[in-house]
Amino acid sequence: MTGDGNGAKCNPETHQLNPQDDAHVQFTDTCNADVGSTSASRCGRRLPVITANTAATVLAVIIAWTLLYVNVSPELMAVPGGSLASIFMLYVTGTVAGQLITKVGGLPPLLGMMLAGIALRNSGLYNVTGWCFQLVSTMREAALTVILIKGGLELNAGQLRRLSGVVARLTVLPCVAEAVAAGVAAHFILPDFSLVWGLTLGFTLSAVSPAVLVPSLFRLKRLGYGEVKGINTLLIAASSLDDAVSISAFGILLGVLFSTGSLTSKIIQGPIDVSIGTVMGLIWGCVLIFVPPSPWSVMYSKRESNCQNTKKSEMENSVTAKRSFLLGTGGFLAVTGSQWCGYPGAGPLACIVSAFVAGTGWRKQSAQHKQNNSVISAEGVDGGGEDIENDELPVVQVFEHAWTGLQPVLFAFIGTDLKFELLKRGDIFLELLVLAFGLIIRLIITTCSVIGTGFSRKEVLFINIAWLPKATVQAALAPVALDIARNLGTSEDVECATRLVTIAVVSILLTAPIGAFGIQLFGPRLLPKSS
C-alpha cells in the first residue's frame, strides 16, 4: 500500500519507511516532545505560584492572629472560650471549608462554611459573649446590606420593561404560594407559632438562592444548554425579582411583629414601612446619581484625551470608590437605623430601591457617554470606544468583592445557630413537614406558571429543579429576625425566631446540594443543546 505525497510511503515487501518519511516521523516526535516539555514547563511554573499563594495566605492568617493576640485582652483570645478567637477561627475555618468542598465535591462553598460553623459550635470551640455578640450581629447586618445592594444593582430597568408574563408569573406566584403554604402550615403544626410568625418564616424560606443557581446556569450556558428557548436568562432574571419580593415581604412582616401599640397600628405598620422605605430609597438613589458627579461629565478634546488617559482612569476609579462607599454606608445606615427608629421593614426595602435607582441612573449616564463617543468618533475624533453599557457597572464589581469577603460571615455564622440538642426535639419532624409542604406547593405552582408557554415537559422539570435551592436569603434574613427578637421581642418571640433559624439552616443543608447537583446532572439531559 502506497500513501500520497505527504503520507508515509511503505515498501510492500520490506514494510520499511522511506528515508524522507523517517525524517517526517522524527519531526512529529520532536513536536510532540516540545508539546510535552511545554506542558511540563507550565506545570513547573504553576507549582511555585500555588505554593507562593498558599504561603501568602498562611502568613496573612498568622499575622492577623498575632495582631489580635498582642493588642486585645488574653481572655478574648483564649482557646477555647475566647470570643474574638472564636470569631477568628470560625471565619478562617469557614473560608477553608468552603474552598475544599468546592474543589473536592463540586458543591457550593456555602455548604462547607455552614458545616464549619455547625462543627465549631457543637464541639465547644465557638463561644461568643459580651460586646463580641453585638459585633457578630453587626457583621451579619453588613452582609445583609451587601446582598440587598447587589440585588438592587442587578435589576435592570430595561429588562424589567421587557418582562414577559411567564417571568412575572415565575417570580411572584411560586414565591408567594410557598410563603403562604409554609406560613399556614407552621401556624397549625408548630406549637405557639402565630400566623404572622408563620408568614415571616414562609417568606424567609420562599426565596431561591442566586449563589447556587447562577453559577450552575452559567456553567450550562458555556456548554450550550438552555440557550435555545432562553431558559437560563429567564431563571436568572426571575431569581433576582424573587429575592426582592421575599426580602420586602419579610421586612414588612418584621415591622408588624415588633411594632408597639393597638391592633390598628400594627395593621397599618406594613403600609407605613413600605411607604417610608420606598421614599427613602428613591431620594437616596436619586442623590447618588449626581453625587459624586459622573466621570464623563466633562468632555475632553482629542488632544486632552490623548494626554490625560491616565488621569481619566484615576478619576473613574475615584468616582467608583465614592459611589461604592456612599451606597454601602447609606444602605447599612438604612438597615440598622430603621430598626432603631422602630420601622425595621423600611430599611431593607430602602436599600434595594436606592441601589436600583442609582444603578439605573449610572447605566443611563454610561449609555449617554457611549453615544457621545460615537458622535465624536463620527466627526473624526477618538472618543475611546468604550463599551461601558454592555459591561457591568464598576460598582457591581466592588460589591462582588465585598460579598466574597462576607460570605463566611453569613454562612459560617448561621451554622453556629444550629445546636444538636435542637434537632433532638420531637419538633424537628414537624419542622421538616412544614418545609416539605411549602416545597411541594412551590413545585405545583411553578409547573402551573410555565405550562402553555412553549416549554417541553423536560424543560418544565428542569425549571422545577432549578427553583429548589435555598441559601443566601435564608442565611441573611433568619439571623436578623433572631437578633431583633432578642432586642425588641418577648421570650415567645425569641423561641419562634430560634425555630425559624433552625428551619432555615435545615432548608439550606437539604435544598442547596440537591439543587446544585440536580442542575449539573439533569441540565444536559433535560435541556436541548444549541447548535
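Note that this is a predicted model, so its numbers are computed, not measured.

Rules of the game
- Residues numbered from 1 in each chain as written.
- Predicted model: local features only at pLDDT ≥ 70, side-chain atom pairs only at ≥ 80, totals over all residues.
- Heavy atoms only, no water.
- Salt bridge = Lys/Arg side-chain N within 4 Å of Asp/Glu carboxyl O.
- Helix = DSSP H or I, 4+ residues; strand = E, 2+ residues; numbered from the N terminus.
- Buried < 20%, exposed > 50% of the residue type's maximum accessible area, 1.4 Å probe, protein only.
- UniProt positions renumbered as here; feature names shortened; annotations may be inferred.
- pLDDT = per-residue confidence, 0-100.
- Contact = heavy atoms within 4.5 Å.
- Phe/Tyr/Trp six-rings, centres within 6.5 Å; stacked < 30°, edge-to-face > 60°.
- Core = buried A, V, L, I, M, F, W, Y, C linked by side-chain atoms within 4.5 Å.
- Domains from an automatic or database assignment.
- Expected span 1.5 Å × (residues − 1).
- Axes fitted to C-alpha atoms, helices over the stretch in contact; angles between N-to-C directions.
- Parallel < 35°, antiparallel > 145°, perpendicular 65-115°, else oblique.
- Nonpolar A, V, L, I, M, F, W, Y, C, P; charged D, E, K, R; others polar.
- Left-handed = near helix turned anticlockwise from the far one by under 90°.
- Patch = residues over 30% accessible without salt bridge, like charges linked within 9 Å, V, L, I, M, F, W, Y side chains within 5 Å.
- Areas by Shrake-Rupley, 256 points an atom, 1.4 Å probe, with all protein chains shown as cover.
- Lys, Arg positive; Asp, Glu negative; His and termini not counted.

### A closer look at the pattern of salt bridges
For the structure shown, the criterion picks out eight salt bridges. Of the charged contacts in the structure, one is a salt bridge between Glu-178 and Lys-470, with a shortest N-O distance of 3.1 Å. With Glu-178 in helix H6 (residues 165–189) and Lys-470 in the loop between helix H17 (457–466) and helix H18 (472–488), this pair connects stretches of sequence that are 292 residues apart. Among the residues examined, Glu-178 registers a relative accessible area of 1% and is labelled buried. In this structure, the salt-bridge partner of Glu-495 is Arg-499, at a minimum N-O distance of 3.7 Å. On the criterion of helical spacing, the pair formed by Glu-495 and Arg-499 is a turn pair, its members being four residues apart in helix H19 (residues 491–526). For Glu-495, a relative accessible area of 37% puts it in the partly exposed group. Overall, Arg-499 belongs to the buried group, its relative accessible area being 5%.

### Regarding the UniProt feature "transmembrane region" (unreviewed entry) in the chain
In the UniProt entry, the feature "transmembrane region" (unreviewed entry) is given for residues 47–70, 76–97, 170–190, 196–218, 230–254, 274–293, 428–452 and 500–522. Summarising residues 170–190: 95% helix, 0% strand, and an end-to-end C-alpha distance of 29 Å.

### So, the confidence of the model for the chain
The predicted coordinates ought not to be read in detail in places where the model reports low pLDDT. The predicted model of the chain has a mean per-residue pLDDT of 80, with 80% of residues at 70 or higher. Mean pLDDT per element in the chain: helix H11 (residues 302–307) is the minimum at 46, and helix H7 (residues 195–205) is the maximum at 94. Taken together, the stretch residues 1–28 has pLDDT below 50 and engages in 16 contacts with residues farther than four places along the chain or on a different chain. Scored below 50 in pLDDT, residues 298–307 shows 10 contacts in the model against residues more than four places distant or in partner chains.

### Comments concerning the packing of aromatic side chains
Considering all chains together, one arrives at four aromatic pairs under this definition. For the ring pair Trp-197 and Phe-258, a centre distance of 6.0 Å and an interplane angle of 85° mean the geometry is edge-to-face. Separated by 61 residues along the polypeptide, Trp-197 in helix H7 and Phe-258 in the loop between helix H9 (231–257) and helix H10 (263–290) bring together distant segments of the chain. Owing to a relative accessible area of 2%, Trp-197 belongs among the buried residues under this scheme.

### What to know about the nonpolar core
Here is a general trend for soluble globular proteins: nonpolar side chains tend to be buried in one another's company. In this structure, Leu-153, Trp-197, Leu-327 and Phe-411 are the most contacted members of the largest nonpolar core, which totals 88 residues. Composition of this core by domain shows at least three residues from each of domain 1 (49–129) and domain 2 (137–296 + 315–371 + 390–526). Membership of the second largest hydrophobic core comes to 23 residues, among which are Leu-217, Leu-235, Ala-238 and Ile-519.

### Re H9
Between its terminal C-alpha atoms H9 stretches 38 Å, which fits the 39 Å expected from 27 residues at 1.5 Å a residue. Burial within H9 is extensive, with 22 of its 27 residues counted as buried.

### Quick word on the packing of H7 against H18
Close contact between H7 and H18 brings their axes to 9 Å; oriented N to C, the two are set at 155°. The pairing of H7 with H18 is recorded here as roughly antiparallel in orientation. Along the contact surface, H7 presents Trp-197, Thr-204 and Leu-205, while H18 presents Gln-474, Leu-477, Ala-478 and Ala-481. Its residues assigned to classes, the contact of H7 with H18 comprises five nonpolar, two polar and no charged.

### Section: the packing of helix H8 (residues 210–223) against H19
For the pair H8 and H19, the least separation of the axes is 10 Å and the interaxial angle reads 15°. It follows from the interaxial angle that H8 and H19 lie roughly parallel. Remark: the crossing between H8 and H19 carries right-handed chirality. Residues Val-212, Leu-213, Ser-216, Arg-219 and Leu-220 of H8 lie in contact with H19, whose contacting residues are Ala-512, Ala-516, Ile-519, Gln-520, Gly-523 and Pro-524.

### What about helix H16 (residues 427–450)?
For H16, with 24 residues, the first-to-last C-alpha span of 35 Å sits near the 34 Å given by 1.5 Å per residue. Every buried residue belonging to H16 is among Ile-428, Glu-431, Val-434, Leu-435, Gly-438, Leu-439, Arg-442, Thr-446, Ser-449 and Val-450, and all of these are buried. With its phi angle positive at about 85°, Gly-452 sits one or two positions after the end of H16.

### Remarks on a nonpolar patch on the surface
A cluster of nonpolar side chains, contributed by Val-58, Leu-59, Ile-62, Ile-63 and Leu-67, occupies part of the molecular surface with about 470 Å² of accessible area. Counting through the fold element by element, Val-58 comes out in helix H1 (residues 19–71). For Val-58, a relative accessible area of 43% translates into the label partly exposed.

### Focus: the side chain of Glu-141
Considering the arrangement of structural elements, one finds Glu-141 in helix H4 (residues 131–154). The buried charged residue Glu-141 lacks any salt bridge, with Arg-140 as its nearest oppositely charged partner at 9.6 Å. Apart from residues lying up to four places away in sequence, Glu-141 is in contact with Phe-332, Thr-336 and Gln-339.

### Some points on unusual backbone geometry
In this chain, Val-291 is followed by Pro-292 through a cis amide linkage whose omega measures 0°. Located in the positive-phi region is Asp-192, a residue other than glycine, with phi close to 55°. Take Asp-192: it is sitting in the loop between H6 and H7. On the basis of relative accessibility, which here comes to 73%, the residue Asp-192 falls in the exposed class.

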